[in-house]
Amino acid sequence: MTKRRLRFPDLVPHLVLLVGVAIQVFPVYMAIIGSTHDAATIGRGRLPLTPGTHMAENYIQAWAYGTGERVSGTPVRIMMANSLVMAIVIAAGKILVSVLAAYAVVFFRFPGRMFFFWLIFITLMLPLEVRIIPSYKVVSDFGLLNTLAGLTLPLMVSATGTLLFRQVFLTIPKEMLDAAKIDGAGPMRCLWSIILPLGLPSIAALFVILFVYGWNQYLWPLLITTEQRMDTIVIGIVKMLGTSESLMDWNLVMATTVMAMGPPVAVVILLQRWLVKGLVETEK
């Protein structure tokens, strides 16, 4: 077997990619380093590039108390629990609604089928920021402020997911469903035993995207939560930053930031194979 020599034209893209990775990774590295030093070291503006000796202290303090010399916040364990529930429920809810909607549009024939499909499609032009006031009014009237239901229910409907699953379901031969119906399978049995297994890569890919989407939500939790016990991790970090850089425990802020990156990074790594497979399959 002959070795393939790396030519200069092949080297340039690799160098560009390495520079891009370095630009993206260096701030994360500095946040990790900052979370291992005390507030005084960071406050002097001379943060070293090597880890410090306060790592365990900073992470325990942020996780259990969320309070330092200059910062009084919500413990990270509470904020991460709120964010985790919000991200999982939003992702699972969006997938459930999208799968059922796409299944009905593709495999059922009923009056107004395409009208309702285009009605769903039009909602792509109405993101949450556009309908924020009526959405808040509805949640408030139902008494869902400062609740997990208020955090998740308004974000569960996804036109994007419906469009994705519609395209996936259109590639499934209808003869498979006809054969299942002849064997006595009902609509839900066909969905569970045939449609979902064939669409599993797309479901996993969409779950990753929606999990990160739910985890990073800022505007909606900021509006409907006023109690510290309902703070999400993104809201908590913003509250910790405050208004003055001189009155801040940067070590706790960086420790909280590092912990906030953990769950979405873990989800992406664990489902990476399914994510790539669901996004690049040529049939879709």
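Quick summary incoming for the structure in this document. Remember, it's a predicted structure, so these values are computed and weren't measured experimentally. (Residues numbered from 1 in each chain as written. Predicted model: local features only at pLDDT ≥ 70, side-chain atom pairs only at ≥ 80, totals over all residues. Heavy atoms only, no water.)

1. As for the side chain of asparagine 146
For asparagine 146, the position within the fold is in the loop between helix H6 (132–141) and helix H7 (148–152). Of the residues examined, asparagine 146 reaches a relative accessible area of 10% and is grouped as buried. Side-chain polar atoms of asparagine 146 contact the backbone nitrogen of glutamate 227, separated by 3.3 Å. (Helix = DSSP H or I, 4+ residues; strand = E, 2+ residues; numbered from the N terminus. Buried < 20%, exposed > 50% of the residue type's maximum accessible area, 1.4 Å probe, protein only. Polar contact = N/O pair within 3.5 Å; in protein donor to acceptor, adjacent residues only side chain to side chain.)

2. Comments concerning the packing of helix H4 (residues 76–107) against helix H8 (residues 159–170)
When two helices pack together, their arrangement is given by the angle between the helix axes and the distance between those axes. One can describe the packing of H4 onto H8 by two numbers: an axis separation of 8 Å at closest approach and a directional angle of 45 degrees. Accordingly, the angle class assigned to the pair H4 and H8 is oblique. In this structure, H4 meets H8 at a crossing whose hand is right-handed. Only Gly161, Thr162, Phe165, Arg166, Phe169 and Leu170 of H8 make contact with H4, whose side of the interface consists of Ile95, Ser98, Val99, Ala101, Ala102, Tyr103, Val105, Val106 and Phe107. (Axes fitted to C-alpha atoms, helices over the stretch in contact; angles between N-to-C directions. Parallel < 35°, antiparallel > 145°, perpendicular 65-115°, else oblique. Left-handed = near helix turned anticlockwise from the far one by under 90°. Contact = heavy atoms within 4.5 Å.)

3. Quick word on the packing of aromatic side chains
Counted according to the given criterion, the structure contains eight aromatic pairs. Between phenylalanine 107 and phenylalanine 169 the ring centres are 6.2 Å apart and the planes differ by 40 degrees, which places this aromatic pair in the tilted class. Of this pair, phenylalanine 107 sits in helix H4 while phenylalanine 169 sits in helix H8, and the two are 62 residues apart along the sequence. Put simply, the rings of Tyr103, Phe107, Phe108, Phe165 and Phe169 pair up and form one aromatic cluster. (Phe/Tyr/Trp six-rings, centres within 6.5 Å; stacked < 30°, edge-to-face > 60°.)

4. Side note on the environment of phenylalanine 207
Its place among the elements puts phenylalanine 207 in helix H11 (residues 200–215). With 117 residues separating them in the primary sequence, phenylalanine 207 and isoleucine 90 have C-alpha atoms 9.3 Å apart.

5. Looking at the nonpolar core
In terms of nonpolar packing, the biggest core is built from 23 residues, with Ala62, Val76, Met80, Trp215, Ile233 and Met259 touching the most fellow members. In terms of residue count, the dominant contributor to this core is helix H14 (residues 250–270) (seven residues). Ranked by size, the runner-up nonpolar core spans 20 residues in total, among them Val99, Val106, Phe169 and Ile195. (Core = buried A, V, L, I, M, F, W, Y, C linked by side-chain atoms within 4.5 Å.)

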